[in-house]
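Results of the structural survey
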Protein chains: 2
Amino acid sequence: MKKQGEDILKNSALSVTASRKRILDIFLAADNALAHQDIETKCADQYDRVTIYRTLQTFLEKGIIHNIPSTDNMVRYALCNEACITTGHHHDNHVHFRCDACGKTVCLDDVNIPAVNLPRGYTMKEINMVVNGICKSCK
Amino acid sequence: MKKQGEDILKNSALSVTASRKRILDIFLAADNALAHQDIETKCADQYDRVTIYRTLQTFLEKGIIHNIPSTDNMVRYALCNEACITTGHHHDNHVHFRCDACGKTVCLDDVNIPAVNLPRGYTMKEINMVVNGICKSCK
DNA sequence: ATTAAGAATGCAACTTTGTTGCAAAAGTAT
DNA sequence: ATACTTTTGCAACAAAGTTGCATTCTTAAT
Ligand SMILES: [Mn+2]
Ligand SMILES: [Mn+2]
Ligand SMILES: [Zn+2]
Ligand SMILES: [Zn+2]
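Residues numbered from 1 in each chain as written. Chains lettered and ligands numbered in written order. Predicted model: local features only at pLDDT ≥ 70, side-chain atom pairs only at ≥ 80, totals over all residues. Heavy atoms only, no water.

**What about the coordination of the zinc ion (ligand 4)?**
Residue and element names in this part refer to chain B. Taken together, Cys99 (SG), Cys102 (SG), Cys135 (SG) and Cys138 (SG) make up the protein donors of the zinc ion (ligand 4), found 2.2 to 2.4 Å from the metal. A relative accessible area of 1% means that Cys99 is categorised as buried. The buried category is assigned to Cys135, whose relative accessible area is 9%. (Donors = N, O, S within 2.8 Å, 3.2 Å for Na, K, Ca; no water. Buried < 20%, exposed > 50% of the residue type's maximum accessible area, 1.4 Å probe, protein only.)

If you want it as structure tokens, here you go:
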């Protein structure tokens, strides 16, 4: 096949450009969530920093990637599942895990975020859960 | 009384300085979590930016404040409860809420984070939950 | 109250991160 | 192949964060 990246772009009605394909490939090859910086390290020699910013923004809006909150000012991004890509909006209701040992952040796709009861008057739109600890590779 | 801020500093074995008192006062008066920038806006004329960075770092380490993850590269800080201050490490297992309308982030101190089952091999140390939506003031 | 030791602050210089406008280049549809 | 639209790179900038060091402030002991 070898055109998965291109397919994703076409399905999202995005024009197929070298930088977008490259950045998608980086995500497809990654086993953990990536910060802007990680991507820049991998391809700043080929593509401009600004292009990376704009590409990530575009991917976010199209439901190709989702972002993961952090307390270190390093928002990380990971590929979405099919549902987000096809519907064009996000359904990423899984837990994220940040390993204190290796520093990797991963999507726990099989772990759903449990329900939570908000006080009267609050309306929930999105929910995010990030767990810190030791991952299964580092334990 | 009027010495709550000073008491917190003393209980944490921190020397009592004007900037620390001021920053604590800002937190004590706030009804929502504050980013570095918010604090800077309120007192950059009196205290150096670097001092604010270092003070927040110190307060974090002493369990005086905790930080709240975000996807907008604006980590926010809020006062901890007694338990963190007295023990010197964090027990902030409550849910945080970010209002899409007013932009405020608040601690829902009464809403505990529900338990979550991690896959085999993962060890949990900390857990963070942030909910987005409309707060009770904006609804 | 003085003083000495240690801690915190301010400043300068710097690095990193993120934003914007615009011209050139590349992609898409005809 | 052409015209139209979108994306990219560049430059210039603004904002955010870091570090070393001299000065000032706190604290605790005299
Ligand atoms: Mn994820
Ligand atoms: Mn909180
Ligand atoms: Zn790990
Ligand atoms: Zn609100």
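Having put the structure on the table, let's press on.
**So, the interface of chain B and chain A**
Chain B puts 41 residues into the contact, and the matching count from chain A is 41 residues. When residues of chain B are sorted by the area they lose upon contact with chain A, B:Thr71, B:Tyr122 and B:Met129 head the list and together hold 18% of the total. Where chain B meets chain A, there are two salt bridges. Across the pair A:Asp100 and B:Lys125 runs a salt bridge whose closest N-O atoms are separated by 3.5 Å. Viewed at the interface, chain A and chain B are joined by nine residue pairs in polar contact (both at pLDDT 80 or more). Within the residue set of the side of chain B that touches chain A, elements represented by two or more residues are β2 (65–68), β4 (94–99), β5 (105–112) and β6 (123–134) of chain B. No other element matches β6(B), which puts 12 residues into the side of chain B that touches chain A. (Contact = heavy atoms within 4.5 Å. Buried area = accessible area lost by both parts, 1.4 Å probe. Salt bridge = Lys/Arg side-chain N within 4 Å of Asp/Glu carboxyl O. Polar contact = N/O pair within 3.5 Å; in protein donor to acceptor, adjacent residues only side chain to side chain. Helix = DSSP H or I, 4+ residues; strand = E, 2+ residues; numbered from the N terminus.)

**Things to note about the coordination of the zinc ion (ligand 3)**
Residue and element names in this part refer to chain A. For the zinc ion (ligand 3), the full set of protein donor atoms is Cys99 (SG), Cys102 (SG), Cys135 (SG) and Cys138 (SG), and the range of their distances to it is 2.2 to 2.4 Å. Around the zinc ion (ligand 3), the four donor atoms are arranged such that angles at the metal cover 104 to 120°; this shape is classified as tetrahedral. The sequence motif formed by the donor residues of the zinc ion (ligand 3) is C-x2-C-x32-C-x2-C. Taken together, the residues span a long stretch of sequence, with Cys99 in strand β4 (residues 94–99) and Cys135 in the segment after β6 (123–134) at a distance of 36 residues. (Tetrahedral: all angles 85-135°; square planar, octahedral: opposite > 155°, others 65-115°.)

**Notes on the packing of aromatic side chains**
Within this structure, the stated rule accounts for two aromatic pairs over all chains. Residues A:Tyr122 and B:Phe97 carry aromatic rings whose centres are separated by 4.8 Å and whose planes lie at 75° to one another, so their mutual orientation is edge-to-face. Here B:Phe97 lies in strand β4 and A:Tyr122 lies in the loop between β5 (105–112) and β6, a pairing that spans two chains. For the pair A:Tyr122 and B:Phe97, one class covers both residues: buried. (Phe/Tyr/Trp six-rings, centres within 6.5 Å; stacked < 30°, edge-to-face > 60°.)

**Things to note about the relation of the copies chain B and chain A**
For the match of chain B to chain A, the screw axis carries a shift of 0.0 Å, the RMSD comes to 0.1 Å, and the turn is 179°. Such a combination of rotation and displacement between the chain copies is what one expects of a two-fold axis. A symmetric contact is evident, with 100% of the interface residues of chain B recurring at the interface of chain A. (Least-squares fit on C-alpha atoms with pLDDT ≥ 70 in both.)

**Some thoughts on the side chain of A:His96**
Residues and elements named next belong to chain A. For His96, the position within the fold is in strand β4. Looking at His96, the relative accessible area reads 1%, which means it is buried. Here the side chain of His96 touches His66 through a polar contact of 3.2 Å, side chain to side chain. Of the polar contacts made by the side chain of His96, one reaches the side chain of His94; its length is 3.1 Å.

**Section: the protein's contact with DNA strand D**
Neighbouring DNA strand D are 18 residues; A:Ser19, A:Thr51, A:Arg54, A:Asn73 and B:Val16 lie closest to it. For DNA strand D, a phosphate oxygen lies 2.5 Å from a polar atom in the side chain of A:Thr51. B:Val16 places a polar main-chain atom, nitrogen or oxygen, 2.7 Å from a phosphate oxygen of DNA strand D. At the level of elements, α2 (18–29) and α4 (49–61) of chain A together with α4 (49–62) of chain B are the ones that each hand at least two residues to the surface near DNA strand D. A class-by-class count of the residues in the surface near DNA strand D yields five nonpolar, eight polar and five charged. (Near = heavy atom within 4 Å. Nonpolar A, V, L, I, M, F, W, Y, C, P; charged D, E, K, R; others polar.)

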